[in-house]
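So the chains spell out like this:
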Amino acid sequence: MDDAIEVLRAAAMRAEAGKQTGPDVRLALRSLRFLGIPADAIRYYWDSCQSDNEIGRSQSMRAALNRIELFRAGKL
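This text gives an overview of the structure that appears in the document. (Residues numbered from 1 in each chain as written. Predicted model: local features only at pLDDT ≥ 70, side-chain atom pairs only at ≥ 80, totals over all residues. Heavy atoms only, no water.)

Attention shifts here to the nonpolar core. Leu8, Val25, Leu29, Leu32, Tyr45, Met61 and Ile68 are the most contacted members of the largest nonpolar core, which has 20 residues in total. Those elements giving two or more residues to this core turn out to be helix H1 (2–13), helix H2 (23–34), helix H3 (39–49) and helix H4 (54–72). If we skip the residues at most four places from it in the chain, Met61 touches Ala11, Ala12, Ala15, Gln20, Tyr45, Ser48 and Cys49. (Core = buried A, V, L, I, M, F, W, Y, C linked by side-chain atoms within 4.5 Å. Buried < 20%, exposed > 50% of the residue type's maximum accessible area, 1.4 Å probe, protein only. Helix = DSSP H or I, 4+ residues; strand = E, 2+ residues; numbered from the N terminus. Contact = heavy atoms within 4.5 Å.)

Shown next, in the form of structure tokens:
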């Protein structure tokens, strides 16, 4: 799970460079689904990755990542 979170964190860091829909992100999200992260949290991150607005994409990806990390920590 830690590796998948790191992949998502790296994608969020490079969000201003363009849409983050590569195989690394897809694999990380798929593995998190099998580790118990709810589908709606994963969908939120994936939708954020595809946003056309650079600033909005970056902010949304960070918010979605924070939500995934809260689920991981058992706080949601």
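H2 packs onto H1 with a crossing angle of 140° between their chain directions and a minimal axis gap of 9 Å. Considering their axes alone, H1 and H2 lie oblique with respect to each other. The element H1 and its partner H2 pack so that their crossing is left-handed. Mapping the contact onto sequence places Ala4, Ile5, Val7, Leu8 and Ala11 in H1 and Asp24, Val25, Ala28, Leu29, Ser31 and Leu32 in H2. (Axes fitted to C-alpha atoms, helices over the stretch in contact; angles between N-to-C directions. Parallel < 35°, antiparallel > 145°, perpendicular 65-115°, else oblique. Left-handed = near helix turned anticlockwise from the far one by under 90°.)

A separate point is the environment of Ala11. In this structure, Ala11 sits in helix H1. Here Ala11 falls in the buried class, since its relative accessible area comes to 0%. Along the chain, Ala11 and Thr21 lie 10 residues apart, while their C-alpha atoms are 9.0 Å from each other. Non-local contacts of Ala11, meaning those with residues more than four positions away in its chain, are made with Gln20, Val25, Tyr45 and Met61.

It is worth spelling out H2 at this point. For H2, with 12 residues, the first-to-last C-alpha span of 17 Å sits near the 16 Å given by 1.5 Å per residue. Following H2 by one or two positions, Gly36 adopts a phi angle in the positive range, close to 100°. (Expected span 1.5 Å × (residues − 1).)

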